[in-house]
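Residue-level listing of the chains:
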Number of protein chains: 2
Amino acid sequence: MIIIGEMVRRAREIISMIFFAVLSSATGVTPPYWSRGGGASCSPCLSWRLAAETNNVEPWRTVPAHCFSCIGAYITGGQYQHDVRFVVEQIMSYAEGITVAGDGLDAWVLDVDDTCISNVDYYKVKRYGCDPYDPPAFRSWAMEGACPAIQPVAELFTKLMKSGFKVFLVTGRDEETLGQVTVENLHREGFIGYERIILRTAAEKGRSAVEFKTEIRRRLVEQGYRIWGNVGDQWSDLQGQFVGKRTFKLPNPMYFVP
Amino acid sequence: MIIIGEMVRRAREIISMIFFAVLSSATGVTPPYWSRGGGASCSPCLSWRLAAETNNVEPWRTVPAHCFSCIGAYITGGQYQHDVRFVVEQIMSYAEGITVAGDGLDAWVLDVDDTCISNVDYYKVKRYGCDPYDPPAFRSWAMEGACPAIQPVAELFTKLMKSGFKVFLVTGRDEETLGQVTVENLHREGFIGYERIILRTAAEKGRSAVEFKTEIRRRLVEQGYRIWGNVGDQWSDLQGQFVGKRTFKLPNPMYFVP
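The structure presented is a predicted model; accordingly, all values stated were derived computationally and were not measured.

A.B. asks: Which residues make up the side chain of Glu204(B), and what are the values?
C.D. replies: Residue and element names in this part refer to chain B. Its place among the elements puts Glu204 in the loop between β3 (196–200) and α9 (209–222). For Glu204, the side chain forms a polar contact with the side chain of Thr201, separated by 2.9 Å. In this structure, Glu204 is in contact with Leu199, Phe212, Ile216 and Arg219, ignoring residues within four places of it in sequence.

A.B. asks: So what's going on with the pattern of salt bridges? Which residues, and what values?
C.D. replies: Residue and element names in this part refer to chain B. This model, assessed by the stated rule, comprises 30 salt bridges over all chains. The partner of Arg226 in a salt bridge is Asp103, and the shortest N-O contact between them spans 2.7 Å. Taken together, the residues span a long stretch of sequence, with Arg226 in strand β4 (residues 226–232) and Asp103 in the loop between α4 (79–96) and β1 (106–110) at a distance of 123 residues. Taking the relative accessible area as the measure of exposure, Asp103 reaches 42% and is therefore partly exposed. With its nearest N and O atoms 3.9 Å apart, the salt bridge here joins Lys166 to Glu195. With Lys166 in strand β2 (residues 166–174) and Glu195 in the loop between α8 (175–188) and β3, this residue pair connects regions lying 29 residues apart in the sequence. For Lys166, a relative accessible area of 27% gives the class partly exposed.

A.B. asks: Could you give an account of the nonpolar core, with specific residues and numbers?
C.D. replies: Grouped together as the largest cluster of nonpolar side chains are 126 residues, with contacts concentrated most on Trp108(A), Leu110(A), Leu169(A), Leu186(A), Trp108(B), Leu110(B) and Leu169(B). Residues in contact with Leu110(A), not counting those within four places in the same chain, are Cys116(A), Val153(A), Phe157(A), Leu160(A), Val167(A), Phe168(A), Leu169(A), Val170(A) and Val231(A).

A.B. asks: Explain the sheet that holds β4(B) residue by residue, including any values.
C.D. replies: Residues and elements named next belong to chain B. Across the sheet, five strands lie side by side as β3-β2-β1-β4-β5; this open sheet has parallel pairing. Only two strands of the sheet have a single neighbouring strand rather than two, namely β3 and β5 (246–249). Neighbour-to-neighbour, the strand axes of this sheet turn through a mean angle of 20 degrees, independent of strand direction. Here β4 runs beside β5; their pairing, made up of four bridges, is parallel.

A.B. asks: Tell me about the packing of aromatic side chains, residues and numbers included.
C.D. replies: What the rule picks out here adds up to 33 aromatic pairs over all chains. Site record: aromatic cluster; members linked through ring pairs are Tyr122(A), Tyr123(A), Tyr133(A), Phe138(A), Trp141(A) and Tyr255(A). We note Lys245(A) situated over the ring of Trp228(A); from NZ or CZ to the ring centre the distance is 4.2 Å. Sitting over the ring of Tyr74(B), Arg49(B) keeps its end group 3.6 Å from the ring centre.

A.B. asks: Which residues make up the packing of helix α4 (residues 79–96) of chain A against helix α2 (residues 43–53) of chain B, and what values go with them?
C.D. replies: Where α4(A) meets α2(B), the axes come as close as 9 Å, and the angle between the chain directions of the two elements is 55 degrees. The angle between α4(A) and α2(B) places the two elements in the oblique class. In this structure, α4(A) meets α2(B) at a crossing whose hand is right-handed. Side by side, α4(A) and α2(B) meet where Gln79(A), His82(A), Asp83(A), Phe86(A) and Val87(A) of the first sit next to Ser43(B), Leu46(B), Ser47(B), Trp48(B), Leu50(B) and Ala51(B) of the second. Broken down by class, the residue content of the contact of α4(A) with α2(B) amounts to six nonpolar, four polar and one charged.

A.B. asks: So what's going on with the pairing of strand β4 (residues 226–232) of chain A? Residues and values would help.
C.D. replies: Residue and element names in this part refer to chain A. Summarising burial for β4: six of the seven residues are buried, a large majority. As judged from the five bridges shared by strand β1 (residues 106–110) and β4, these two strands associate in the parallel manner. Among the inter-strand pairings, Leu110 is bridged to a residue of β4, identified as Val231.

A.B. asks: Which residues make up unusual backbone geometry, and what are the values?
C.D. replies: In this structure, Pro59(A) follows Glu58(A) across a cis peptide bond, with omega equal to -15 degrees. Mapped onto the elements, Pro59(A) comes out in the loop between α2 (43–53) and α3 (68–76). With a phi angle near 55 degrees, Phe242(A) is a residue other than glycine that sits in the positive phi range. Along the chain, Phe242(A) turns up in the loop between α10 (235–238) and β5 (246–249). The class for Phe242(A) is partly exposed, based on a relative accessible area of 30%. Of note, Asp114(B) is a non-glycine position whose phi angle comes to about 60 degrees, a positive value. Its location among the elements puts Asp114(B) in the loop between β1 and α5 (120–125). Overall, the relative accessible area of 2% leaves Asp114(B) in the buried class.

A.B. asks: Tell me about the sheet that holds β1(A), and please be specific about residues and values.
C.D. replies: Strands pair in a sheet through their backbones, by hydrogen bonds, and they do so in one of two ways: parallel or antiparallel. Residue and element names in this part refer to chain A. Read across the sheet, five strands follow the order β3-β2-β1-β4-β5 without closing on themselves; strand pairing throughout is parallel. Among the strands making up the open sheet, the edge pair consists of β3 (196–200) and β5. The average undirected angle you get between the axes of adjacent strands in this sheet is 20 degrees. Of the strands in this sheet, β2 (166–174) and β3 touch helix α8 (residues 175–188), which is tilted by about 135 degrees from β2. Seen against the sheet, helix α9 (residues 209–222) touches β1, β2, β3 and β4 and runs at an angle of roughly 150 degrees to β2.

The rules behind these values
Residues numbered from 1 in each chain as written. Chains lettered and ligands numbered in written order. Predicted model: local features only at pLDDT ≥ 70, side-chain atom pairs only at ≥ 80, totals over all residues. Heavy atoms only, no water. Helix = DSSP H or I, 4+ residues; strand = E, 2+ residues; numbered from the N terminus. Polar contact = N/O pair within 3.5 Å; in protein donor to acceptor, adjacent residues only side chain to side chain. Contact = heavy atoms within 4.5 Å. Salt bridge = Lys/Arg side-chain N within 4 Å of Asp/Glu carboxyl O. Buried < 20%, exposed > 50% of the residue type's maximum accessible area, 1.4 Å probe, protein only. Core = buried A, V, L, I, M, F, W, Y, C linked by side-chain atoms within 4.5 Å. Pairing = 2+ DSSP bridges. Axes fitted to C-alpha atoms, helices over the stretch in contact; angles between N-to-C directions. Phe/Tyr/Trp six-rings, centres within 6.5 Å; stacked < 30°, edge-to-face > 60°. Lys NZ or Arg CZ within 6 Å of the ring centre and 35° of its normal. Parallel < 35°, antiparallel > 145°, perpendicular 65-115°, else oblique. Left-handed = near helix turned anticlockwise from the far one by under 90°. Nonpolar A, V, L, I, M, F, W, Y, C, P; charged D, E, K, R; others polar.

Here's what the structure looks like:
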């Protein structure tokens, strides 16, 4: 009887496993695919992420705590990389259609952090943005100069240079303390031969990113540059004035720069 | 022996089901959650959808054919509805923070199609946008006046009205042929008491949505209205001039209005 009881228990387990397998099968019916990431349901976090990426949640200080595992799974599970590469393919396709004039005034503006080079390794420690922004810790990380290239953007950078565009890197990083290490980090990661890198000077410290970046782009336009494209992971890279003929928003669900 | 053979076969089936169940389990490790929707992997379609929603793919004519099942699963599986509701919650939270003046000039602008009322039932027939835009078929659908309310937006509409805002509905629908049926459709779905609905007149037929809607908003601003919020499912609802203090992009992966 003990053996039969054990068999019944096993059979019940197996049935429930089969039931689960059917539920979880690739039909996507019940539960749907979006409710199975990161342990619990990611549905609310998918909504949060889409709203954040489309600039509907502005301004936000941290990733919602309950989205830690979902955002972590997004960043480390491959989809973030897919999403970045897809946007870069769109950019390349647009860039290929542009006829570059011989006057050296066809320009692109690229942001640096989480556009050219990645801070994902840093944000892993900060629970993918669930922990609040920590300026001293971020400065220490940036001082290491160890941000890896975001590969698709590095490829875009090379392609733009080869096509004859002047590439401007524009970043809110502090020029005085982070200028040299940032240039070296970029160089080490293959960002070589750009027209200029423009960091935030002491005089520009109080300004919002939109104001600072608008001012930088205004100067470029005044110098005669045609900004064909503007690429950033933050809406504040892409808003304001002189934003360029087209703007491209790279995904970044980890932090928001106002 | 037949019975034992059958038991072995069953056991093998059960083991493979368990293996599958473990693979598909909520750990989200292998395969990751985003690769299990709509039968095949939805990863490329998630990238496409995010890029479309963030306006990186502009302009696009149809949903990629290979995304039919993924976009269908998104629309019918609940996530689309979650995403809409989440954005509406953001809008409500923003609206609650606004002090409405007594002068009757605090305004909101809402788009109509797939903002107030839904065309999902129509787009189901058009393979969720994988089929190209079909103006006569869409006109026939609109003439039925059977578009259901998008519930969260209907709730927002009511809340805005109760808070003392003047709500303007602005739509690219043709005034002459669709004016009356649209007003009746909206009324039947609870959109009652708005300040004005503004449709596209014959004179405005050639204009892009951005031009048309900018012109409408310009007139509102010239009349003294303060546009606190502007809600639409298309970027062309939210771009141009006089866009409002804040804009909100509702999800719509089914079509793109240039």
